[in-house]
Amino acid sequence: MYREQYKTYIDLLASRLSQKRFVHSMNVAKAAVQLTQRYGGDSEKAYLAGVLHDIMKEEKPETQLQTIKECGIIIDTVTFQGRPLWHAKAGAAYCKTALGITDQDLLNAISYHTTGRAGMSHLEKILYLADYIGEERDYEDVEIMRAETLCSMERGLRYALRFTINDLVSRGKAVHLDTVRAYNEYGKDSGE
Ligand SMILES: [Fe+2]
Ligand SMILES: [Fe+2]
């Protein structure tokens with residue numbers, strides 16, 4: 001499944017990530033393709049988004065920040081204060097500058113895979129959901145998340161956003177505005 005044509009990227013990924021994170025990335029790629037088979041969209045692009053989405057995840061924080069800056073991306077305060085958010089912005093920046101990827105939808109999918117945002121494209125939604133349901137995921141509600149996502153993308157997004165916001169708030173963490181806006185569009189009950 002696209003493994004051969006993206007061998008260079010996959011080899012690069014294997015050289016940059018631990019085995020655990022590499023397996024996660026390949027599982028996200030697989031889940032993203034499965035979601036396109038169910039809900040439509042470009043399966044090849046979904047695969048590539050999955051492969052590359054965490055490519056900066058294990059780089060040093062200063063390297064992540066440097067990659068973001070070099071690409072001319074300005075990050076807001078909540079992102080700056082939330083290190084787990086850096087790898088998504090840095091990943092998009094790396095794919096653009098180091099790998100020469102120009103497909104803006106693909107870059108956006110990587111950039112927003114952690115926070116989500118309002119007005120997500122189909123590919124952005126696919127990657128966002130795939131990140132929650134890859135084969136190796138074993139958090140407490142993963143089976144519910146998988147079932148909701150198999151019901152519809154809307155239900156999957158709603159569950160994921162509620163889960164994420166609840167988790168962040170319960171741990172006293174900041175909620176990025178993009179996530180709040182995504183929640184207001186996809187997470188809350190309709191008609192309110
Ligand atoms: Fe990530
Ligand atoms: Fe991930």
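Residues numbered from 1 in each chain as written. Chains lettered and ligands numbered in written order. Predicted model: local features only at pLDDT ≥ 70, side-chain atom pairs only at ≥ 80, totals over all residues. Heavy atoms only, no water.

## A word on the overall build of the protein
Thought 1: Scanning the protein from N- to C-terminus turns up eleven helices and zero strands.
Thought 2: For the protein, the N- to C-terminal ordering of α and β elements is α-α-α-α-α-α-α-α-α-α-α.
Thought 3: Its C-alpha atoms give the protein a radius of gyration of 16 Å, near enough to 16 Å, the size a compact globule of 192 residues would have.
Thought 4: Considering only C-alpha atoms, the protein reaches an extent of 45 × 40 × 30 Å along its principal axes.
Thought 5: For the protein, the residues scored as buried account for 50% of the 192 residues in total.
Thought 6: Within the protein, counting contacts between residues at least 6 apart in sequence, those at least 24 apart form 60% of the total.
Thought 7: With the model as given, the accessible surface of the protein reaches about 9700 Å², and the carbon-plus-sulfur share is 49%.
Thought 8: Here the protein holds 25 positive side-chain charges and 27 negative ones, and the gap between their average locations is 3 Å. (Helix = DSSP H or I, 4+ residues; strand = E, 2+ residues; numbered from the N terminus. Rg over C-alpha atoms; globule rule 2.2 N^0.38 Å. Buried < 20%, exposed > 50% of the residue type's maximum accessible area, 1.4 Å probe, protein only. Contact = heavy atoms within 4.5 Å. Areas by Shrake-Rupley, 256 points an atom, 1.4 Å probe, with all protein chains shown as cover. Lys, Arg positive; Asp, Glu negative; His and termini not counted. Charge placed at Lys NZ, Arg CZ, Asp CG, Glu CD.)

## Let's talk about helix α8 (residues 122-133)
Thought 1: With twelve residues, α8 should reach 16 Å at 1.5 Å per residue; the first-to-last C-alpha distance of 17 Å fits that figure.
Thought 2: Across the twelve residues that make up α8, a large majority, eleven, are buried.
Thought 3: On its buried face, α8 is in contact with α2 (19-39), α3 (43-52), α7 (104-111), α9 (142-151), α10 (153-170) and α11 (177-187). (Expected span 1.5 Å × (residues − 1).)

## Comments concerning the coordination of the iron ion (ligand 1)
Thought 1: Distances from the iron ion (ligand 1) to its protein donors, Asp 54 (OD), His 87 (NE2) and His 113 (NE2), fall within 2.1 Å.
Thought 2: Of note, the donors binding the iron ion (ligand 1) are all from one chain and are spaced D-x32-H-x25-H.
Thought 3: Distance-wise, the iron ion (ligand 2) is placed 3.5 Å from the iron ion (ligand 1), both being coordinated by Asp 54. Taken as a pair, Asp 54 in the loop between α3 and α4 (61-70) and His 87 in helix α6 (residues 83-97) lie far apart in primary sequence, 33 residues in all. We note that Asp 54, like His 87, is buried. (Donors = N, O, S within 2.8 Å, 3.2 Å for Na, K, Ca; no water.)

## Structural notes on the coordination of the iron ion (ligand 2)
Thought 1: Around the iron ion (ligand 2), the donor atoms from the protein are His 24 (NE2), His 53 (NE2), Asp 54 (OD) and Asp 131 (OD), and they sit 2.2 to 2.3 Å away.
Thought 2: For the iron ion (ligand 2), the four donor atoms in the first shell make angles of 81 to 171° at the metal, so the coordination geometry reads as irregular.
Thought 3: Here His 53 falls in the buried class, since its relative accessible area comes to 0%. (Tetrahedral: all angles 85-135°; square planar, octahedral: opposite > 155°, others 65-115°.)

## Here's the deal with the environment of Gln 104
Thought 1: Turning to its location among the elements, Gln 104 is positioned in helix α7.
Thought 2: On the basis of relative accessibility, which here comes to 45%, the residue Gln 104 falls in the partly exposed class.

## Here's the deal with the side chain of Thr 179
Thought 1: Within the secondary structure, Thr 179 is located in helix α11.
Thought 2: Within the local environment of Thr 179, its side chain forms a polar contact with the backbone oxygen of Thr 115, the two atoms lying 2.9 Å apart.
Thought 3: Filtering out sequence-adjacent residues up to four positions away, Thr 179 remains in contact with Thr 115, Gly 116, Leu 161 and Ile 165. (Polar contact = N/O pair within 3.5 Å; in protein donor to acceptor, adjacent residues only side chain to side chain.)

As far as function goes, none of this settles anything; it's purely spatial.
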